[in-house]
Amino acid sequence: QVQLVESGGGLVQPGGSLRLSCVASDSIFSIRAMGWYRQAPGKQRELVARITSGGITNYADSVKGRFTISRDKTKNTVYLQMNSLKPEDTAVYYCNTAHEKAGALGAWGQGTLVTVSS
């Protein structure tokens, strides 16, 4: 089971930016797809971005055009660049596998908290 450690969260004002990082125990290129998930207060966890081993990306409509997922194989790291942040983006963000049908197969870590507020 892939192990993942998220970092980069924090407090940011609306319209601001943050970059989240996720270090994986396995090669991100040996995993079919990786993704970023988030769980907002009182909400269900949702997949917001995913990237396949071939570099194909997908985004939830709520973040499309604002978030960008990428990876660096030399660092075994997946990133989530978040721009034009909104208060509704406030959530704990997690990384995990994001397979088409199997979804998240790794253990859920603590995630990293993103708070968007004035």
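Below or above, wherever it landed, is the structure these notes cover.

Procedures and definitions
Per chain, residues are indexed from 1 in the order of the written sequence. Whole-chain, interface and lining totals are the exception, using all residues; otherwise, since this is a predicted model, local features are given only for residues with pLDDT of at least 70 and side-chain atom pairs are given and counted only at 80 or more. Hydrogens are left out, water is left out, and the side-chain values use all remaining heavy atoms of the structure. A run of DSSP states H or I qualifies as a helix once it reaches four residues; a run of E qualifies as a strand once it reaches two. Both are numbered from the N-terminal end. Relative accessible area decides the class of each residue, using a 1.4 Å probe on protein chains only: under 20% of the type maximum gives buried, over 50% gives exposed, and in between gives partly exposed. A contact between two residues is defined here by any heavy atoms of the two lying within 4.5 Å. A pair of strands is labelled paired if DSSP reports no fewer than 2 bridges between them. With axes taken as lines fitted to C-alpha atoms, and helix axes fitted only over the stretch in contact, angles between N-to-C directions fall between 0 and 180 degrees. The disulfide criterion used throughout: a pair of cysteine sulfur atoms within 2.5 Å.

1. Things to note about the environment of N58
Phase 1: In this fold, N58 is placed in strand β6 (residues 57-59).
Phase 2: Residue N58 is classed as partly exposed on the basis of its relative accessible area of 37%.
Phase 3: When sequence neighbours within four positions are dropped, the list of residues in contact with N58 reads V48, A49 and R50.

2. Concerning the sheet that holds strand β8 (residues 77-82)
Phase 1: Taken in spatial order, the 4 strands line up as β1-β3-β8-β7 in an open sheet, and their pairing is antiparallel. This sheet does not close on itself; its edge strands, each paired only once, are β1 (4-7) and β7 (67-72). Going from strand to strand, the sheet's axes swing by 15° on average, the running direction of each strand aside.
Phase 2: Pairing analysis gives 6 bridges linking β7 to β8, with the strands arranged antiparallel. By the bridge assignment, S70 is partnered in β8 with Y79.

3. Concerning unusual backbone geometry
Phase 1: Here N76, not a glycine, exhibits a phi torsion of approximately 50°, which is positive.
Phase 2: Within the fold, N76 resides in the loop between β7 and β8.

4. Structural notes on the pairing of β8
Phase 1: For β8, the tally of buried residues reaches 5 of 6 residues, placing the bulk of the element in the interior.
Phase 2: Of the strand pairs in this sheet, strand β3 (residues 18-24) and β8 are connected by 6 bridges, and their pairing is antiparallel. Looking at β8, one finds that R19 is bridged to Q81.
Phase 3: Hairpin connection, β7 to β8: the antiparallel pair is bridged by 4 residues, and N76 has positive phi, about 50°.

5. Describing the state of the cysteines
Phase 1: All chains considered together, the criterion is met by 1 disulfide.
Phase 2: Two residues, C22 and C95, share a disulfide whose sulfurs are 1.9 Å apart. When the S-S torsion is 70°, as for the bridge of C22 with C95, the disulfide is right-handed. One end of the pair, C22, is in strand β3; the other, C95, is in strand β9 (residues 91-97), with 73 residues separating them in the sequence. Each member of the pair, C22 as well as C95, carries the same accessibility label: buried.

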